[in-house]
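Each chain, letter by letter, is given below.
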Amino acid sequence: KCDEPLVSGLSHVSFSSSSSVSGSYSPGYAKINKRGGAGGWSPSDSDHYQWLQVDFGNRKQISAIATQGRYSSSDWVTQYRMLYSDTGRNWKPYHQDGNIWAFPGNINSDGVVRHELQHPIIARYVRMVPLDWNGEGRIGLRIELYGCSYWADVINFDGHVVLPYRFRNKKMKTLKDVIALKFKTSESEGVILHGEGQQGDYITLELKKAKLVLSLNLGSNQLGPIYGHTSVMTGSLLDDHHWHSVVIERQGRSINLTLDRSMQHFRTNGEFDYLDLDYEITFGGIPFSGKPSSSSRKNFKGCMESINYNGINITDLAKRKKLEPSNVGNLSFSCVEPYTVPVFFNATSYLEVPGRLNQDLFSVSFQFRTWNPNGLLVFSHFADNLGNVEIDLTESKVGVHINITQTKMSQIDISSGSGLNDGQWHEVRFLAKENFAILTIDGDEASAVRTNSPLQVKTGEKYFFGGFLNQMNNSSHSVLQPSFQGCMQLIQVDDQLVNLYEVAQRKPGSFANVSIDMCAIIDRCVPNHCEHGGKCSQTWDSFKCTCDETGYSGATCHNSIYEPSCEAYKHLGQTSNYYWIDPDGSGPLGPLKVYCNMTEDKVWTIVSHDLQMQTTVVGYNPEKYSVTQLVYSASMDQISAITDSAEYCEQYVSYFCKMSRLLNTPDCNCDADYKQWRKDAGFLTYKDHLPVSQVVVGDTDRQGSEAKLSVGPLRCQGDRNYWNAASFPNPSSYLHFSTFQGETSADISFYFKTLTPWGVFLENMGKEDFIKLELKSATEVSFSFDVGNGPVEIVVRSPTPLNDDQWHRVTAERNVKQASLQVDRLPQQIRKAPTEGHTRLELYSQLFVGGAGGQQGFLGCIRSLRMNGVTLDLEERAKVTSGFISGCSGHCTSYGTNCENGGKCLERYHGYSCDCSSTAYDGTFCNKDVGAFFEEGMWLRYNFQAPAINARDSGSRVENSPDQQNSHPDLAQEEIRFSFSTTKAPCILLYVSSFTTDFLAVLVKPTGSLQIRYNLGGTREPYNIDVDHRNMANGQPHSVNITRHERTIILKLDHYPSVSYHLPSSSDTLFNSPKSLFLGKVIETGKIDQEIHKYNTPGFTGCLSRVQFNQIAPLKAALRQTNASAHVHIQGELVESNCGASPLTLSPMSSATDPWHLDHLDSASADFPYNPGQGQAIRNGVNRNSAIIGGVIAVVIFTILCTLVFLIRYMFRHKGTYHTNEAKGAESAESADAAIMNNDPNFTETIDESKKEWLI
């Protein structure tokens, strides 16, 4: 184990420091548990510029660090940083969790606090920088570092030399490769290794813009479609002249590329598995071959160690002179250090450098690197109050502003460059003399910016880099930019290179909050925390993800903006349409577009492919088969996610054949080998074998053989994940699952229902880390976790109790940027993560669902529990755990309101369904009108007593009354609801006859107005209600609601207010012995009211819909097979149609028949739409705003045209033209229905797909 103490055995000379109080406080006494001298190190001043340094004499591997205060004193350090280096220069701060790490220190003078390093470091020198210390004392420190010795051969490449390893057999054909090496460089470009073969294979590892790029080709087919080139980029800022380790592991086409403990897995393109290299593999560059590609790439300049190629130690062979380096350049075995000294600025830093006073040439040059688009780079006053110069970074460009104060205030502004905040080193050179100035970026003389404005130059004595002294801000000038955050190096002032070591000792100049000989730049986008292809951008201390057009949202593009299934869209109240679904939620699979068919009780998810119906099978000779490939609108992994969660899947296959045998068995029609067309067809339903991806057909090569193939779309039903539930009957019991893996990104969502006001939903523990979701009270849900920075709790408070036995949805997420919690549709609560600190959630225990250690467990139901896109199978786990109930009842308490128009909610094991049998409606949620078109002379009779059936079953008894023995129960109340449309008056809409003289009629009078006639006996004439002021025969759909309770009648017509009427006091209150209900015409034996008889001719023509009389739906009984169908008699042919449906009850028109919806959906389209609102049908990514605007404009134009036509007709109507009250447009229309269509443009918007039969 690498855990030996490294400091305790060192001599005094191995220690150094920024300063000491006196000799007895010198750094040599800073050894843990030693009491020599004053019992530890203390600097002369306790400030942020102090440090303690240890030199081990040679490189060591360091795995842990421990600190102690100064013996028996009030001097200790509470927080510190650790820097390390190979040379005592160019320091690197220890990083952890993507940040420069600040170690927690001591709380007293003698306790030892030890920290294991998250990853070991290799260094000769270690420097401790105190950040904070005991406020009642001063800095006091004793340290120990633990680790072991480290040794490796080093090779120095000078940028010219190339080191080849030549193969023994001239060729190297490998299925498996392992290549490992370490490198350090201050160059951002260079080839680290390269090998190639004459067949086109190659492998190249190189630096590009300080990132590592691996290019690989296992073979391309120049003639065919195989393209083998694969390129992967990883890492960032690798030109920091610190060691970086690379391991390439290849097994066939599968590759792991590891850079500094961060592994990336990928597969190569193409179809080949072997890497064929010829002659050699070279390190440090590409040997010059005369090819144009080899000369354009720079060779590597820097150091490498521990080069290992497939078990061969290349560095050892080179040192023993077993390898021949190229003739150009020199290979040496000690690492050459660069001469540059970087300086690191944070937002409060400045660096003051002396210049040469009163020169007439102002010259400054430096290199900088930063992520910020803005910041002050240099500021200097001219001598003699001539003005000042400011160089800054503005929106990623370098700008120079020269303020001239001699005559009148004027300013010269020049700027150059772009995108200079990319983290790379950029060089700035600025030169000014009398009436001339020039700005050059990155040595590009061609794009240097010059100015010849009048200018007088005299250099001042001070140059400020990165910021200002605070007191200077009170003077006349104003600083344009915020302070600089980043690094600078190679600073030259007045043609002299600034010696930053002298500045560090404050000999010339001054500084504040800068770190000299260190560049602590961090790339927060590597590794990329933006998921699902989100784009990462950063400033110095934070990163941001742009999730546009990814199909995901959130701080790290983690959450899918789409529902996981068609089932979920159904319960959001959506109708059949194309939708984007994301079956694995936040998992790696992207969203896909499917058709959701919601017309049946179970929802069908339909995935289409590109094979046309009845595709002709191309003939082949017997050795070859006809292979038909199917390309789906989704990947196989996406389709597998759908089939895995579905309850049932099917795919229709049919084979039309003429002398083409199918299976060569006697069972198939095609195997009879007839010369006529025959057909074999059926459904494939074994889920694991679906979808059909390829159809192979033989026996198509004989003369006269023909075959046609059809494969239907994949259809899947149900969503087991959505309803996957368990009941928790005991608060002390729980279900356990394997440890939750959500180190940097975790999302949890589920539904719960309960009657108790508290309980833990789930918990997973680590050593100190944990994650927990619980119901804290009847109105509070809590999400708490600890990733090492102390516990964090987010609470959502609900205005209404959550223990109401209704389903409630909880969604929690935690990532490196923030954590959030949402309950139902209440506002989401968000907590930002600290900018520094631990980011990894490290859990070890099992995941407990429905309970936690020693705390009140959960009592109730949990369903659809998804963690990072994976549904936990609560049902299956509940089946094998004693005391648990698999599944959950009581869905109707939450979803019963989805059953409309009096439909009854029925509990199912997986969800619920709506029973519409006692309603006049149909459809999944009882919201689809059942209606019919009546031709002239057609009628329908519903007998309240079916032949030879007891009246108790007729469904016509008085509402809310006990069963009566009387075979014709008298009615004290009725409720009649229906909608209709017609253009012909007069007519009978509905008539109820009786075995007595009682009757009830709803009529349209010759004027087109509505009349309701009641005759209950006791009055000489029937009681009439006339609605005179409206024309009902205008072809529009009208809704009628009539409710009678004894003598009170309430009429509700369309959207007008209800009106009450009262029968005369002499009238009877009972409707005696109802016999039959008629629609369209009255054909009744016995005496009929004379007025009614007149209305019988020619009969009703038009549409009736959703007719309901108390509990009876006569029209539905005629059109659907129900238990009341035996009561119905029809004269003529009844055609189902919803042309009489009132717009009040109709859902919006489907896009397939919507006249304003121009672009009919293409299911194969895979382009992402812009993020639509949740649960909204996707219309092939069309921008809905423009569609709505277009629709509104069209409606306005149409309305103007209609108005013009009306005006013209009105002006000329007395000039001998025939005027009628029928719908305009009826003259040219083929039928009354078409007249309705012509008359009302808005009407078309309310017709759904079932109307196609009469629109065609």
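Here, the structure is the one placed above.
Predicted model only: the values in this text are computed from it and were never measured. (Residues numbered from 1 in each chain as written. Predicted model: local features only at pLDDT ≥ 70, side-chain atom pairs only at ≥ 80, totals over all residues. Heavy atoms only, no water.)

Student: Can you break down the packing of aromatic side chains residue by residue, with the values?
Tutor: In this description, a pair of aromatic rings is defined by centroid distance and the angle of the planes. Tallying each qualifying case throughout the model produces 42 aromatic pairs. Consider the rings of F345 and F484, whose centres lie 5.7 Å apart with planes at 70 degrees: the pair is edge-to-face. One end of the pair, F345, is in strand β25 (residues 343-354); the other, F484, is in the loop between β34 (462-465) and β35 (486-493), and 139 residues separate them in sequence. Relative accessible area serves as the criterion here: at 1%, F484 is assigned to the buried category. Relative to F382, the ring of F362 lies with its centre 5.9 Å away and its plane at 85 degrees, an arrangement referred to as edge-to-face. Here the residue F362 occupies a position in strand β26 (residues 362-369), and F382 occupies one in the loop between β27 (375-381) and β28 (387-394), the gap between them amounting to 20 residues. Across the pair, exposure class does not vary: F362 and F382 are buried alike. The ring of W51 has R127 lying over it, and the distance from NZ or CZ to the ring centre is 3.7 Å. Over the ring of W604 we find R715, and its NZ or CZ is 4.0 Å from the ring centre. (Phe/Tyr/Trp six-rings, centres within 6.5 Å; stacked < 30°, edge-to-face > 60°. Helix = DSSP H or I, 4+ residues; strand = E, 2+ residues; numbered from the N terminus. Buried < 20%, exposed > 50% of the residue type's maximum accessible area, 1.4 Å probe, protein only. Lys NZ or Arg CZ within 6 Å of the ring centre and 35° of its normal.)

Student: Before we move on, can you summarise the sheet that holds strand β16 (residues 211-217) with the specific residues and values?
Tutor: Where strands meet in a sheet, backbone hydrogen bonds hold them as pairs that are either parallel or antiparallel. Read from one edge of the open sheet, six strands run β12-β21-β14-β15-β16-β17, paired in antiparallel fashion. Each edge of the open sheet is held by one strand with a lone partner, namely β12 (163-174) and β17 (230-234). The average undirected angle you get between the axes of adjacent strands in this sheet is 15 degrees. Sheet topology note: the β12/strand β21 (residues 275-283) ladder contains eight bridges and is antiparallel. Opposite K173, over in β21, you have D276 as the bridge partner. (Pairing = 2+ DSSP bridges. Axes fitted to C-alpha atoms, helices over the stretch in contact; angles between N-to-C directions.)

Student: Report on unusual backbone geometry, specifying residues and quantitative values.
Tutor: In the segment running from V526 into P527, the intervening peptide bond is cis, with an omega of -5 degrees. Considering the arrangement of structural elements, one finds P527 in the loop between β37 (510-516) and β38 (535-538). Backbone geometry places N33, a non-glycine residue, at a positive phi of 65 degrees. Tracing the backbone shows N33 in the loop between β2 (15-17) and β3 (52-68). Here N33 falls in the exposed class, since its relative accessible area comes to 54%.

Student: Lay out the nonpolar core in plain terms, naming residues and giving numbers.
Tutor: Note on soluble globular proteins: their nonpolar side chains tend to be buried together. Formed by 46 residues in total, the largest nonpolar core has its most connected members in F934, F978, L1010 and Y1014. At four residues, the largest contribution of residues to this core is made by strand β73 (residues 987-994). Those residues within four positions of L1010 in sequence are excluded, and the remaining contacts are F980, L989, V1002, L1003, V1004, I1025, D1026, V1027, M1032, V1040 and L1053. With 43 residues, the next largest nonpolar core counts L377, L420, F484 and F511 among its residues. (Core = buried A, V, L, I, M, F, W, Y, C linked by side-chain atoms within 4.5 Å. Contact = heavy atoms within 4.5 Å.)

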